[in-house]
Structures are given as structure tokens and as C-alpha cells.
Amino acid sequence: MKSVDRLRDAVRDYVITHLGGQDASLVIDDTQAQKKGTKSVGAPAEIAFATKPGLAITMLEHARAADVPFSWVLADAGYGRDPQLRAWCHGRKVPYVFGVPVDLPIDGSPGKPRQPAVKRADDLLHYAKVRDQWERRSCGDGAKGERLRLDGLRRAGQRREPNRRGKDGQLHREIAYFLVHAPADTTVSEVIARAGGRWQIEEDNEINKQLVGLAQYQVRKWTPWHRHVTACMLATAFLSVQRAAIPEPDQTLEPEPDADPEQVPDQGKAPSIDESGTAG
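About the thresholds
- All residue numbers here refer to positions counted from 1 along the written sequence of the relevant chain.
- It should be noted that, the model being predicted, local features are given only for residues of pLDDT at least 70 and side-chain atom pairs only at 80 or more, the latter also being counted only at that level, while totals for whole chains, interfaces and linings use all residues.
- Side-chain figures throughout are based on the complete set of non-hydrogen atoms in the structure, without hydrogens or water.
- We count a stretch as a helix when DSSP gives it H or I for four or more residues in a row; a strand needs E for two or more, and each element gets its number in order from the N terminus.
- The cut-offs for exposure are 20% and 50% of the maximum accessible area for each residue type, with area from a 1.4 Å probe on protein chains only; residues under the lower value are buried, those over the upper are exposed, and the others partly exposed.
- Each accessible area value is a Shrake-Rupley result obtained with a 1.4 Å probe; residue values ignore everything except the protein chains displayed when judging cover.
- Given a helix with a known number of residues, its expected span is that number minus one, times 1.5 Å.
- Within 6.5 Å between ring centres, the rings of Phe, Tyr and Trp (the latter by its six-membered ring) count as paired, and their orientation is classed by plane angle as stacked under 30 degrees, edge-to-face over 60, tilted in between.
- Here, a charge over a ring is recorded when the distance from Lys NZ or Arg CZ to the ring centre is within 6 Å and its angle to the ring normal is within 35 degrees.
- Charge counting follows a simple rule: Lys and Arg are positive, Asp and Glu are negative, and His as well as the terminal groups are ignored.
- Salt bridges are identified by distance alone: a Lys or Arg side-chain nitrogen within 4 Å of an Asp or Glu carboxyl oxygen.
- Polar contact criterion, stated in full: a pair of N or O atoms within 3.5 Å, where within protein one must be able to donate a hydrogen and the other to accept it, and residues adjacent in sequence count only if both atoms are side-chain atoms.
- Any pair of residues with heavy atoms lying within 4.5 Å of one another is described as a contacting pair.
- In this description, a nonpolar core means a group of buried Ala, Val, Leu, Ile, Met, Phe, Trp, Tyr and Cys residues linked to one another through side-chain atoms lying within 4.5 Å.
- In this scheme, patches are assembled from residues that exceed 30% relative accessible area and form no salt bridge. Like charges are connected within 9 Å, while nonpolar side chains (Val, Leu, Ile, Met, Phe, Trp, Tyr) are connected within 5 Å.
- Working note: the arc is built from the helix axis to C-beta atom directions.

Engineer: Looking at this structure, I do not really get the overall build of the protein. What am I missing?
Structural biologist: The secondary structure content of the protein amounts to 7 helices and 7 strands. Walking the protein from its N terminus toward its C terminus, one meets helices and strands in the order α-β-α-β-α-α-β-β-β-β-β-α-α-α. Taken across its 280 residues, the protein has 32% of its residues classed as buried. Carbon and sulfur atoms provide 52% of the accessible area of the protein, an area that totals close to 17900 Å².

Structure (C-alpha cells):
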């Protein structure tokens, strides 16, 4: 294993130690990497083509092999439409909230006809006219205002979420659809909270580009690009751990009366790697 791979794994373990929890969600998302010509990362002829959902499955397999604690997987419609990714989660009984396109075919229960007759996700709009079958809940604030969610007709785990958007001075509503795979006793509130959690990664990607230089590289080959991205991940992990240790304005930290300084974990120490390639 190369030294950059060891550092990547050390960063992962560092985050798990300080921020991990079994109730965590893994969010699948991609961000743009600049490519020019045939010399950029991912463009040489010897690199086999792989779809984004296929890469996502590989990363999920790596996470499971490394015993990364998580209980949900979240993704947008670019991944949610992929049957292989959904099948991977079904086969391993991993709950998910995936965005899906409006034309996603919807199947009924095995051996039973569809009731109501819904052939694709946006057919559910026909049933929104029955107001008492739907309820509106907040999914948190977004860049363009409050994200609202309409929930109803729980069959097949379908959800829909309208986002309020201002356009030409008028109020418009953008509707997104989600497919939910979860235990039957999962509450609607938890599903909504999970669905709203996905947007955080998009904000994180933008912050990482602006704050730690995630997109500011002048390299073309894989090894230096991998090192740059991993170093940015390390910087982000360190800052996240430090921020998590800061109490909210209405909270104060009281030291343990008999705490031994030698036994207190050092949250300020980021993972390092020595010249021999050993992470620590």
C-alpha cells in the first residue's frame, strides 16, 4: 500500500474516532474535477470506464470492510435511479433515502397489482389533490429558503419534497422525489431528517474548495492528484474535529474533577505519516 493510501485510511480512522457513530449516514455525492486532454486523472486510455453508481458501490464495500459505522446511505437522483446500487443496499439490508427521477418506474408488491395505479414517480401528483392524505413538514433551511416536504401515500416508500424557489419575483416550487428503503417501524420524522441531511455534503464540497483548496491543484497525474485530495481531506477532518469540540453559545464545558491529563484524548492531534509510510 502506498503512503498516500495509508494516510487516507488514517484520516478515515481519525474521523471515526472523534466524530463517528453507528447512527451516521454515508452520503454519496460527486464534485467536479477539471480534465483537459488525455493526460488528466481518469482520462488515460488504460483506465477502464466505471459508472458513478459503480464507483459508489466500490466505496461502500470499502467502508464495510473497514468497519465504518453507519446505518443509512443517502444520495441524489443521479445515483438513486441505478438499480444495481439499490440492489446492493437491499441485499445487505442497508436503509437508504435516494433521490429518484420523475420517470422512475414504480413496481407494486410482488404478486399483487398496483393500488393505486402508479407507473412512475410523478404519477403520485394525481393523488395530491386529496389534501387530507398529505402533510407538509420542514426539512431544514436551504440556500434558497426553507425546504418543505409533502409526505403521503406511504406505499413503496415514495416521498416527495417541494423546494421553494424565487424566480422572476414569483414563488415557484420545485418538486423532488425520493425512494425510501427502511424498516417498517421507521418514523416519518426520521426519514425526513435523513433526506434533509444529504444537502450538507454539497455545502461541504463548496467550503472545502474555498477553504482548504480542494480544487486548486496544478497537477495532471494520479499520484500527485491523490496526494493533494488526501491532504485536503486531512485539513477538513482536523477542522471538523476542532469545530465539534467547541460548545454551542448556551453550553459550557466543565472539566472532570479528577481527570488525569494523561488520560484525556488529544482532539487537536491530526493523523500523521512518517517518512517510512507508517500512519500514526
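Engineer: I'm lost on helix α6 (residues 199-211) in this one. Help?
Structural biologist: Structural remark: α-helix, 3.6 residues per turn; residues separated by three or four positions point the same way. In this model, α6 (13 residues) spans 18 Å end to end at C-alpha, consistent with the 18 Å of a helix rising 1.5 Å per residue. Here α6 has its buried residues at Trp 199, Ile 201, Asn 205, Asn 208 and Lys 209. Gly 213 lies just past α6 and shows a positive phi near 75 degrees.

Engineer: What's the story with the environment of Leu 55 in this structure? I'm lost.
Structural biologist: As for its position among the elements, Leu 55 is in helix α2 (residues 52-65). Residue classification places Leu 55 among the partly exposed residues on the basis of a relative accessible area of 42%. Distance in space between the C-alpha atoms of Leu 55 and Ile 28 is 9.9 Å, their sequence separation being 27 residues.

Engineer: How should the packing of aromatic side chains be read in this particular structure?
Structural biologist: Two descriptors summarise a pair of aromatic rings, namely the distance from one centre to the other and the angle between the planes of the rings. Applying the stated rule across the entire model yields 3 aromatic pairs. Pairing Phe 178 with Trp 199 gives two aromatic rings, centres 6.4 Å apart and planes at 75 degrees, and the pair type is edge-to-face. Placement of Phe 178 in strand β7 (residues 170-181) and of Trp 199 in helix α6 is noted, with a sequence separation of 21 residues between them. Taken together, a centroid distance of 5.5 Å and an interplanar angle of 35 degrees make the contact between Trp 222 and Trp 225 tilted. Highlighted residues: Trp 222 and Trp 225, both in helix α7 (residues 222-244), separated by 3 residues, approximately one helical turn. What makes Trp 225 buried here is its relative accessible area of 18%. Between the NZ or CZ atom of Arg 198 and the centre of the ring of Trp 199, over which it lies, the distance is 5.3 Å.

Engineer: Please explain the side chain of Lys 209 as it appears in this structure.
Structural biologist: Structurally, Lys 209 is set in helix α6. Notably, Lys 209 is buried but unbridged: the nearest opposite-charge side chain belongs to Glu 206, and the N-O separation is 4.2 Å. Polar side-chain contacts of Lys 209 include one of 2.8 Å to the side chain of Thr 31. The residues contacting Lys 209, other than those within four sequence positions of it, are Thr 31, Gln 32, Leu 214, Ala 215 and Gln 216.

Engineer: Help me understand the nonpolar core, please; the structure alone is not making it clear to me.
Structural biologist: Side chains of a nonpolar character, in soluble globular proteins, are inclined to be buried together. Counting residues in each nonpolar core, the largest one holds 19 residues, and the members touching the most others are Ile 28, Val 73, Leu 85 and Phe 98. Elements with a minimum of two residues in this core: α2, β2 (72-75), α4 (83-91), β3 (96-100) and β7. Not counting the four nearest positions on each side in its chain, Ile 28 is found in contact with Ala 56, Leu 60, Val 73, Leu 74, Ala 75, Asp 76, Tyr 79 and Leu 85. Membership of the second largest hydrophobic core comes to 8 residues, among which are Phe 178, Val 180, Val 191 and Trp 199.

Engineer: What is the right way to look at a nonpolar patch on the surface in this model?
Structural biologist: Residues Ile 207, Leu 211 and Leu 239 make up a contiguous nonpolar surface patch of about 290 Å² in total accessible area. Relative to the elements of secondary structure, Leu 239 occurs in helix α7.

Engineer: Explain α4 here, please?
Structural biologist: What α4 keeps buried is the set Leu 85, Arg 86, Trp 88 and Cys 89. Across the axial projection of α4, the buried residues extend over an arc of 155 degrees, all falling on one side. The exposed residues of α4 that point more than 90 degrees off its buried face are Gln 84 and Gly 91. The N-cap residue of α4 is Asp 82: its side-chain oxygen and the backbone nitrogen of Gln 84 are 3.2 Å apart. Just downstream of α4 lies Lys 93, where phi reads positive at about 55 degrees.

Engineer: Explanation requested: unusual backbone geometry in the structure shown.
Structural biologist: At Asp 67, a position not held by glycine, the phi torsion is positive, near 60 degrees. Along the polypeptide, Asp 67 turns up in the loop between α2 and β2. You can call Asp 67 exposed: its relative accessible area is 64%. Residues other than glycine seldom take positive phi values, yet Lys 93 does so here, at roughly 55 degrees.

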